Amino acid sequence: MKNILDKLQKLENAIVVITFVVMVACVFFQVLNRNFIKLALPWLDELATFCMIYMVLLGTEAGLRDGSQISVTGAVDKLHGVSRQLVVLIAKAVVVIFSAAVFIYSVRMVQVQTAAGQTTPALHLPMAVPYMALVISFGIIVVVQLATLVKMVIDSKNSNLSDGNSDKGAEV
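**With respect to the confidence of the model for the protein chain**
Per-residue confidence for the protein chain averages 88 on the pLDDT scale, and 94% of its residues sit at or above 70. At the low end of the mean pLDDT range in the protein chain sits helix 3 (residues 74-78), at 81; at the high end sits helix 4 (residues 81-116), at 94. Low pLDDT, under 50, characterises residues 166-172; the stretch is placed with zero contacts to residues that sit more than four places away or in other chains.

**Observations concerning the side chain of Glu61**
Considering the arrangement of structural elements, one finds Glu61 in helix 2 (residues 42-66). Judged by relative accessible area, which is 0%, Glu61 ranks as buried. Not counting residues within four places of it along the chain, the set of residues in contact with Glu61 comprises Glu12, Ile140, Ile141, Val144 and Gln145.

**Some remarks on the side chain of Gln145**
Within the secondary structure, Gln145 is located in helix 5 (residues 128-171). Look at Gln145 and you get buried, because its relative accessible area is 1%. In terms of polar contacts, Gln145 uses its side chain to reach the side chain of Lys92, at 2.7 Å. Not counting residues within four places of it along the chain, the set of residues in contact with Gln145 comprises Glu61, Leu64, Arg65, Lys92, Val95 and Val96.

**Quick notes on helix 4**
End to end, helix 4 covers 53 Å across 36 residues, agreeing with the expected 52 Å (1.5 Å per residue, within 8%). Among the residues of helix 4, Leu89, Lys92, Val96, Ser99, Ser106, Val110 and Gln113 are the ones counted as buried. Taken from the residues just after helix 4, Gly117 is the one with a positive phi, measuring 75°.

Each value, and the rule that gives it
Residues numbered from 1 in each chain as written. Predicted model: local features only at pLDDT ≥ 70, side-chain atom pairs only at ≥ 80, totals over all residues. Heavy atoms only, no water. pLDDT = per-residue confidence, 0-100. Helix = DSSP H or I, 4+ residues; strand = E, 2+ residues; numbered from the N terminus. Contact = heavy atoms within 4.5 Å. Buried < 20%, exposed > 50% of the residue type's maximum accessible area, 1.4 Å probe, protein only. Polar contact = N/O pair within 3.5 Å; in protein donor to acceptor, adjacent residues only side chain to side chain. Expected span 1.5 Å × (residues − 1).

So, in structure tokens, the structure goes:
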């Protein structure tokens, strides 16, 4: 499982790096064009926007994975032991359920866009291309967060078992 998660993280990082480089290049050429060349190149802006969308959505997964997303932990910080573990597990389950719902509906949205044949205004790409950012990012979020949830459940069971065994050993 860790091998799959590592590969997903590498894929995610590669997409973020590529989209960042393309976005910066598009914006740079757009500024040069606006100030010096003065050609009509509206596709540069559209491509930069699509790259930014992919980066933000994949960055969301990275933030969830390493815990750098902003969160309100005042109530959770006051809890201890099993009650704290339970609240953290429920919160993680809510993230998985929400992400799965967004993933399912984004797949449907891509299917509708593909069937409709709608294209982007400047690049004339199928609208499914920008909407695929939702499918890719929330697909990765579901897989990674579900694996994290399973690991949390296993770790919590193992810690409860070891706590129970150390209590029994102290009684004897």
